[in-house]
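Topology and contacts: notes
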There are 2 protein chains.
Amino acid sequence: MTIPFSAALSQIGPDSDVVVTSRVRIARNISGFPFICRASNAVRLEIMRVVKRAVDRPALSSPSDRGLQWIDLQAVPSRERVLLAERHLVSRHFANSEGPRALALSHDEHASVMVNEEDHLRIQYLCAGSRLPDAFAAAFALECGLAETTQFAFHSRWGYLTACPTNVGSGIRLSAMLHLPAVQIMGEVERIKRAARELHLAVRGYYGEGSESAGDFFQFSNQQTLGSSEDALLADFHGNVLPRLISYERDARAAALERHRNRLEDLVFRARANLSAARLLTAATATRDLSRMRLGAVLGMLPINLARLQRLLLQVQPAHLSMVDPRAADGEEVEREVRATFVRQELAQSSTDQE
Amino acid sequence: MTIPFSAALSQIGPDSDVVVTSRVRIARNISGFPFICRASNAVRLEIMRVVKRAVDRPALSSPSDRGLQWIDLQAVPSRERVLLAERHLVSRHFANSEGPRALALSHDEHASVMVNEEDHLRIQYLCAGSRLPDAFAAAFALECGLAETTQFAFHSRWGYLTACPTNVGSGIRLSAMLHLPAVQIMGEVERIKRAARELHLAVRGYYGEGSESAGDFFQFSNQQTLGSSEDALLADFHGNVLPRLISYERDARAAALERHRNRLEDLVFRARANLSAARLLTAATATRDLSRMRLGAVLGMLPINLARLQRLLLQVQPAHLSMVDPRAADGEEVEREVRATFVRQELAQSSTDQE
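What you see is a predicted model; the values in this text were computed from it and never measured. (Residues numbered from 1 in each chain as written. Chains lettered and ligands numbered in written order. Predicted model: local features only at pLDDT ≥ 70, side-chain atom pairs only at ≥ 80, totals over all residues. Heavy atoms only, no water.)

1. Digging into helix α4 (residues 132-147) of chain B
- With 16 residues, α4(B) ought to run about 22 Å at 1.5 Å a step, and its terminal C-alpha atoms sit 22 Å apart, in line with that.
- Within the span of α4(B), buried status applies to B:L132, B:A135, B:F136, B:A139, B:F140, B:L142, B:E143, B:G145 and B:L146. (Helix = DSSP H or I, 4+ residues; strand = E, 2+ residues; numbered from the N terminus. Expected span 1.5 Å × (residues − 1). Buried < 20%, exposed > 50% of the residue type's maximum accessible area, 1.4 Å probe, protein only.)

This is the structure in structure tokens:
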């Protein structure tokens, strides 16, 4: 299997100074099959057959697209499954679990379907910047295509049925990965988290549920799926919630620039210096310092383009790093050495970047 | 008062890769006066008169020397007293205490006499590198010169009498400031401290008694003053103890280079990068990173000369920094800013150093 390089995570989109990615995920289950937690392997294989048939229909592929690639997770080595998780195409749990399960993935890696995760299908559309309406339209186009040959479990009163009650109803989750370094610097993370909870949002770390925030990246998503129409959810999240969160960060940047310019410069220039000098580098330190460089780039302090930094943020993760240099898989010390060497070389090249 | 730039702390001497400075200190009290803890201000002023008379005698000055400069500590602003403490010419306690007290200081700052510290006189000779026999000879030459006009309190059985019983006898303390970064990296500081205690040595931090070690600098000194001749003390300390301590560090460096070369390089290159990039710098961080650069310099990793680093280690201390730029005294944030700017400029100049 050759997985093309993730487009969504290394592109730049609207409001990319704050919004790294937008994501729409739709949970669906096929009528007549038990939920995954109660499904035997035979049932799971049958679900995979049904979904693969739907995925493979030519009608599903747009002309510009080359259809969805089918990846049988059981047939794929652990490293490549981790790679998919690092790209936010599967959950960590899904990558590491067992049993028949698959991922259908578009060539550009924007669209994907996890098969046999918590629900039978988790349809996802992921793209760079603040583009939730586009992601929403694309995800529902895929859902409609799949629904033509597949009957999804639906209850006239509750809506779409899902394994976890929190997803019942529309089964939709809208989310945005935000980069909030200035909110962090100004000590306002707890305040923004509190505000998010009041807006019925979940706040998660870089790798979703249960993960720590790394490099000041935070994922915000709706918690409500029942009782609101999909369109109302989208209108509120994209038109109201997201602009407020973006403003928080931009205001914090302005305040930090005005009141603590030298602290900002100190963080940004030390981060670049550290990454350019290190001989050993953990993923956590690399992520932290690349995050600070990202802030420096959007504030015009560093002449490095954002797309390169986004790509680097991905490439310093363990499975991606061992794609760059297979020795990275030879143990912790070698991994750190390989990471440091790689980052030094990339930053040396970045000196030709024009922002 | 203009204090010339400390020579002892910015020169290089024998075994300077490990031994930063050698110091001999002799405690003496004048016969017929009470110890300082029981002396009135009138008595302390009288002691100062006696010592100043002895210090001012032309016979005391060698032709190459211009005699000892007399500094009345009560007449000197706090910042300059702290400056003297940063140069290890007076104790922090002596700098900050009150009452009539003075420092007699040679032009090159190698020789000095604290008057009215814990004892009436604390005669000191401080020089760069491992030169305890020279320091010993110089300190005793000064002591002899002073004894010509001053009768020191002496007991036929106990030897020289001192305010603290730990100094009774010879009243001499031999000490060496060692730079032990590899011992620190290899996790052997506790082992070397234990070994030092078994050799009846006291181990102290960068600023002597009660201070923390900063930048892996440790001060070792004899604890025994009673029952050994001065010559035997010196022979043991210089000929036996010090070479063993030096070997500890050199062996640790060799082991670290062989087994953890990339960890060493990581520390050294990050330290330089951090100091070259920082916009805000505390004295503690500057000391830590300059110490790592010192290790890099002696291992040939960095083309910067040791004398410049020694001088920088001194100049980043608060009182010295405000000599470089008086704004450093305007508050913590400005001080950090001034320090960062100063260090960046110095390191930019160091690129022309030939080691």
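Moving on, there is more to tell.
2. Considering unusual backbone geometry
- The backbone of A:E109 shows a phi angle near 65°, a positive value even though the residue is not glycine.
- Topologically, A:E109 is positioned in the loop between β3 (102-106) and β4 (111-115).
- For B:N116, which is not glycine, the phi dihedral falls at a positive 70°.

3. Here's the deal with the pattern of salt bridges
Residue and element names in this part refer to chain A.
- Counted by the stated rule, this structure contains 44 salt bridges over all chains.
- D289 is the partner of R288 in a salt bridge, and the nearest nitrogen-oxygen pair spans 3.1 Å.
- Looking at R288, the relative accessible area reads 36%, which means it is partly exposed.
- The class for D289 is buried, based on a relative accessible area of 1%. (Salt bridge = Lys/Arg side-chain N within 4 Å of Asp/Glu carboxyl O.)

4. Quick word on the packing of aromatic side chains
- A complete count under the given rule lists four aromatic pairs over all chains for this structure.
- On the numbers, 4.8 Å between centres and 70° between planes, the contact of A:F154 with A:Y160 is edge-to-face.
- Ring geometry for B:F136 against B:F140: centres 4.9 Å apart, planes inclined by 45°, an arrangement best described as tilted. Linking B:F136 with B:F140, this pair stays in helix α4, spanning four residues, or about one helical turn. Pair check on accessibility: B:F136 and B:F140 agree, each one buried. (Phe/Tyr/Trp six-rings, centres within 6.5 Å; stacked < 30°, edge-to-face > 60°.)

5. Quick word on the relation of the copies chain B and chain A
- Its rotation angle being 180°, the transformation that places chain B on chain A also includes 0.1 Å of axial translation and leaves an RMSD of 0.0 Å. Classification of the inter-copy transformation places it as that of a two-fold axis. Measuring from the rotation axis to each C-alpha of chain B, the shortest distance belongs to B:A273, at 2.5 Å.
- The share of interface residues of chain B whose copies in chain A are also at the interface is 100%, consistent with both copies meeting through the same surface. (Least-squares fit on C-alpha atoms with pLDDT ≥ 70 in both. Contact = heavy atoms within 4.5 Å.)

6. A few points about the nonpolar core
- Formed by 124 residues in total, the largest nonpolar core has its most connected members in B:V24, B:V113, B:L146, B:L174 and B:L178.
- Among the elements that make up this core, the one with the highest residue count is helix α7 (residues 230-259) of chain B (ten residues).
- The residues touching B:V113, leaving out its near neighbours within four places in the chain, are B:L68, B:A102, B:L103, B:A104, B:L121, B:R122, B:I123, B:L142 and B:L146.
- Judged by nonpolar contacts, the second largest core, of 54 residues, contains A:M48, A:Y125, A:F152 and A:F220. (Core = buried A, V, L, I, M, F, W, Y, C linked by side-chain atoms within 4.5 Å.)

7. Comments concerning the side chain of B:H260
- Note that B:H260 resides in the loop between α7 and α8 (261-277).
- The residues touching B:H260, leaving out its near neighbours within four places in the chain, are B:M186 and B:A255.

8. Quick look at helix α1 (residues 41-56) of chain A
Residue and element names in this part refer to chain A.
- For α1, which comprises 16 residues, the first-to-last C-alpha distance of 22 Å matches the rise-based estimate of 22 Å (1.5 Å per residue) to within 8%.
- Within α1, burial applies to R44, I47, M48, V50, V51, A54 and V55. Along the axis of α1, the buried residues cluster in a sector spanning 165°; they form a single face. In this structure, α1 carries A42 and R53 as exposed residues pointing more than 90 degrees from its buried face.
- Residues of α1 that are buried in the fold lie against β2 (68-72), β3, β4, β5 (121-128) and α4 (132-147). (Arc of directions from axis to C-beta.)

9. Overview of the state of the cysteines
Residue and element names in this part refer to chain A.
- Inspection of every chain in the model, using the stated rule, returns zero disulfides over all chains.
- In this structure C164 is a free cysteine whose sulfur lies 10 Å from that of C37, the closest cysteine sulfur available.
- A relative accessible area of 25% places C164 in the partly exposed class. (Disulfide = S-S within 2.5 Å.)

10. What to know about the packing of α4(B) against α7(B)
Residues and elements named next belong to chain B.
- Look at α4 against α7: their axes get within 10 Å of each other, and the N-to-C directions meet at 160°. With respect to α7, the axis of α4 lies roughly antiparallel. Crossing of α4 over α7 shows right-handed handedness. Residues L132, P133, F136 and F140 of α4 lie in contact with α7, whose contacting residues are E230, D231, L234, F237, H238 and L242.
- Grouping the constituent residues of the contact of α4 with α7 by class yields seven nonpolar, one polar and two charged. (Axes fitted to C-alpha atoms, helices over the stretch in contact; angles between N-to-C directions. Parallel < 35°, antiparallel > 145°, perpendicular 65-115°, else oblique. Left-handed = near helix turned anticlockwise from the far one by under 90°. Nonpolar A, V, L, I, M, F, W, Y, C, P; charged D, E, K, R; others polar.)

11. A few points about the interface of chain B and chain A
- Tallying the contact residues gives 16 residues for chain B and 16 residues for chain A.
- Considering only the side of chain B, the residues that lose the most area to chain A are B:N262, B:R270 and B:R279, jointly responsible for 38% of the buried surface there.
- Summed over the shared surface of chain B and chain A, the number is two salt bridges.
- Of the charged contacts, one joins A:R263 and B:E333 as a salt bridge, the two residues approaching to 3.5 Å between their closest N and O atoms.
- The tally of links between chain B and chain A comes to ten residue pairs in polar contact (both at pLDDT 80 or more).
- Listing elements by their share of the side of chain B that touches chain A, those giving two or more residues are α8 and α12 (332-350) of chain B.
- Among the elements that line the side of chain B that touches chain A, the one with the most residues is α8(B), at nine residues.
- Its residues placed into classes, the side of chain B that touches chain A shows six nonpolar, three polar and seven charged. (Buried area = accessible area lost by both parts, 1.4 Å probe. Polar contact = N/O pair within 3.5 Å; in protein donor to acceptor, adjacent residues only side chain to side chain.)

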